Amino acid sequence: MHQVMALAMVCLLVAPSILRAQNPLIEDEIEAKVEALLQKMTLEEKVGQLNQHSGSWDVTGPVPAGNEYAQRRAELLKKGGVGSMLNIVGAEATYEAQKLAVENSRLGIPLIFGYDVVHGFKTIFPIPLGESASWDLKAIESSARVAAIEATASGLTWTFAPMVDVGRDPRWGRVMEGAGEDPYLGTQIALARMKGFQGDDLTDENTMMATAKHFAGYAFSESGRDYNTVDVGTTTLYNIILPPFEATAKAGIASVMNSFNDLNGIPANGDSFLQRELLKEAWGFGGFIISDWGSIRQMINHGYSKDLKQAAYHAITSGNDMDMESQAYQNHLKELVESGEVDIRIVDEAVRRVLRMKFHLGLFDDPYKYSDTDREKALLYTDEHRAIARDVAKRSIVLLKNDRSVLPIGDDVKNIAVIGHLANDKDTPLGNWRGRGESGSAVSLLEGIQNAVGSKVKVSYAEGYTMSTDDGVFNRALHFPEDDGSGFAEAIKIAKKADVVILTVGEKALQTGEGRSKVDISLTGRQLDLFNEIRKVNDNVVVVLMAGRPIVEPELYEQSTTLLNTFHLGTEAGNAIADVLFGKYNPSGKLTMSIPRAIGQIPVYYNHKSAGRPSPGPGDEGSVFWSHFNDEENTPQYPFGYGISYTTFEYSAPELSGSTMGMNETVEVSVDVTNTGDFDGEEVVQFYIRDRFASTMRPVQELKGFEKVMIKKGETKTITFTIDKETLSFYTHKGEWVAEPGMFSIMIGGSSDNVQMVELELLD
Ligand code: NOJ
């Protein structure tokens, strides 16, 4: 305990000067106001600022009569015993709760209202994994911007997003909330989302605090089982997991949420290396750290803290500032300070961070400015927001196959059969974590198609296979209802008569997300059987795969001829998919997470290291003594960066402005990309490197840049990336950021598995 305390104190002493130098959240004027207020606060009031509670009421009126839980919370609010509430939503409800805190407590310190605004608030955007497939940072920022406009008009000042966990395991249901498997792309997307939520000025009435979560390693839970233990080496931690946290912390993200897992034996809430040494000290993070729901208390289950009091001790001394619903600080922090076990300066540091953000939000000037019913009425679910949602959704769609050029569907098509439960499902497109998106409010694919064709084309629908409506809402859905195939006949009948069949398969909204880990991520029920029956009777089957994670189903990928991966696309899903089906938009998305061939391959990801025996030696092809599976390929079904278009792009060989580079020089790599097909289209030009030999093994490929560019048919564009020392640097196994002289392969292409290469030497 003493060592932890000593370290904490060292950090406290060095942190402010580092912070001042680095972090955009540190402003002298605000710091002075924070200090002045802190001086006035009693210990009890200080502890109060570090508690976050969930409101079980989001209706108008101060507190619903007869709700004891809410009554108790109200009493705490009145005493200044709460720093933030989560799950109180709406201009009126937040107004009433704010009033309790501001008008009754001695110092009248306002509350921050937090909520999971993950991919939209009322207007729902694609799930983050889907949105990441757009590789379109402007579109991604605009979706977070709209979410912030709507959420702040409903009284919220803080979102628990973006989730920046780089994930490699699709069994983990929360991959739907992230940006896929790559730390570079994940970092760019995290910054874009943070910008969308926080804007340029947090005092604006339509900007809100963002949260980088979950710090750290949550996506690496063993076997993809949610909340499970995490054990990763230093190079993976530094180079894969931490980059989006480091970048957002340095760019001024307002909060960081730690994670449910332990990392190498230390629960994240109690990890002073992560929270103090790295986040607060080395990266100069200026916001505050919030625990995840009940996670301080869970350190007892981890076998790390012997009771709640010790859990509170572990959390506060290791740098966790605010307690979400563990009630560890509320019940024990005062006592820990009074007994001398926790130095008051540690508490002060945490309180300072919370107050700092309240000043940044402008809450002391007007605690009610976000709770404006007129704005709430005017700004939610507007036509403009829905148009942006449709635009982002269409950009997120990935075309995996178009072998017979069935897409885009032309005017010659007069009869379309739409098949599958998911095609007529107005709820699934909203995905998990749908904020205040109203159940069943999305445009279904069937509706989208009808909207697109009007009466010109005959559109018939058959459900085909069944899916339960509430699989896994809060219950474990271990067994899906048996489907007796009684819907097949009707589906086959309409498929036979159709010029084109649109067949949907995938997952329902709540089959992915938190607590929805699965060992079997193939299609459930009779979906594959139906696919096989339909393709027997019609050659023009367009498969639309709607899911929250990569689905493992080799037969579907191999036997289909036309395949769109659409994820869960949000409110405007059906219209956006129709835009692509009928060629109003030429698909431009690229996968951000590899699709495995087999569940037993997991994890399969593009930026892996090279094994010592990566391939059979020459003439040794029959040998088993190299790194492979005896029953499956090593490669994924579809790799990171993959996605095709209605047009085709040809790449020239990349050219370097010099074949050597000094440490402080830059070199440019350029490539000509020509649109050789019949449609205008956007291409995501991807730039990767490989450090050939290094003091710590480096991956066979690492994304270092990309550009999404519109190229008209017949046109050629030159794309240039600049390489500098930073591009070639990495964290060693000791956590040191270095660039080492030597040879690098520079690769450019339209997918991680389709690149051309040139060599560059970094000189000493
Ligand atoms: C638990 C989740 O892990 C976290 O991401 C979320 O923000 C909180 N619950 C609050 O809802």
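For the structure, check the block above.
The notes below deal with the structure included here. (Residues numbered from 1 in each chain as written. Predicted model: local features only at pLDDT ≥ 70, side-chain atom pairs only at ≥ 80, totals over all residues. Heavy atoms only, no water.)

**Points about the site of the ligand**
- Inspection of the region around the ligand gives Leu 86, Asp 116, Phe 160, Arg 174, Lys 213, His 214, Met 257, Phe 260, Asp 292, Met 324 and Glu 514 as its neighbouring residues.
- A distance of 2.4 Å separates an oxygen atom of the ligand from a polar atom in the side chain of Asp 116.
- Protein contact buries 93% of the 300 Å² of open area that the ligand shows by itself.
- Its residues placed into classes, the shell around the ligand shows five nonpolar, one polar and five charged. (Near = heavy atom within 4 Å. Polar contact = N/O pair within 3.5 Å; in protein donor to acceptor, adjacent residues only side chain to side chain. Areas by Shrake-Rupley, 256 points an atom, 1.4 Å probe, with all protein chains shown as cover. Nonpolar A, V, L, I, M, F, W, Y, C, P; charged D, E, K, R; others polar.)

**Focus on the side chain of Lys 708**
- Relative to the assigned elements, Lys 708 resides in strand S22 (residues 702–711).
- Although Lys 708 is buried, it makes no salt bridge; Asp 136 carries the closest opposite charge, 4.6 Å away.
- At 2.8 Å, the side chain of Lys 708 forms a polar contact with the backbone oxygen of Ser 134. (Helix = DSSP H or I, 4+ residues; strand = E, 2+ residues; numbered from the N terminus. Buried < 20%, exposed > 50% of the residue type's maximum accessible area, 1.4 Å probe, protein only. Lys, Arg positive; Asp, Glu negative; His and termini not counted. Salt bridge = Lys/Arg side-chain N within 4 Å of Asp/Glu carboxyl O.)

**Details of helix H9 (residues 234–241)**
- A large share of H9 lies buried, amounting to seven of its eight residues.
- All of the buried residues along H9 are Thr 235, Thr 236, Leu 237, Tyr 238, Asn 239, Ile 240 and Ile 241.
- Turning to H9, the residues buried within the fold contact helix H8 (183–198), helix H10 (243–251), strand S7 (262–263), helix H11 (272–282) and strand S24 (730–731). (Contact = heavy atoms within 4.5 Å.)

**Quick look at the environment of Ala 97**
- With respect to the secondary-structure elements, Ala 97 resides in helix H5 (residues 91–104).
- Along the chain, Ala 97 and Lys 78 lie 19 residues apart, while their C-alpha atoms are 9.4 Å from each other.

**Observations regarding unusual backbone geometry**
- The amide bond that connects Ala 161 to the next residue, Pro 162, takes the cis arrangement and shows omega of 5°.
- Within the fold, Pro 162 resides in the loop between strand S4 (158–159) and H8.
- Residue Pro 603 follows Ile 602 across a cis peptide bond; omega there is 5°.
- Note that Pro 603 resides in the loop between helix H22 (573–581) and strand S17 (649–651).
- With phi around 60°, Ser 223 is a residue other than glycine that occupies positive phi space.
- Mapped onto the secondary structure, Ser 223 falls in the loop between strand S5 (211–215) and H9.
- Ser 223 sits in the partly exposed class, given a relative accessible area of 42%.

**So, the pattern of salt bridges**
- Going through the model one piece at a time under the given rule, you end up with 41 salt bridges.
- Between Glu 447 and Lys 426 there is a salt bridge, with the nearest N and O atoms lying 2.9 Å from each other. Remark: Lys 426 occurs in the loop between strand S12 (415–419) and helix H18 (445–453) and Glu 447 occurs in helix H18; sequence separation between them is 21 residues.
- A salt bridge links Glu 683 to Lys 590; the shortest N-O distance between them is 3.0 Å. Residue Glu 683 is located in strand S21 (residues 681–691), and its partner Lys 590 is located in the loop between H22 and S17; the two are separated by 93 residues in the primary sequence.
- Beyond isolated ion pairs, a larger network of salt bridges with shared partners links Asp 136, Asp 391, Lys 394, Arg 395 and Glu 682.

**Examining the sheet that holds strand S6 (residues 255–258)**
- Taken together, three strands build an open sheet; the order of strands is S5-S6-S9 and the sheet is parallel. Lying at the two open borders of the sheet, with one neighbouring strand each, are S5 and strand S9 (288–290). Going across the sheet, the axis of each strand differs from the next one's by a mean of 25°, ignoring polarity.
- Bridging between S5 and S6 involves four bridges; their strand directions are parallel. Bridged to Phe 215 within S6 is Asn 258. (Pairing = 2+ DSSP bridges. Axes fitted to C-alpha atoms, helices over the stretch in contact; angles between N-to-C directions.)

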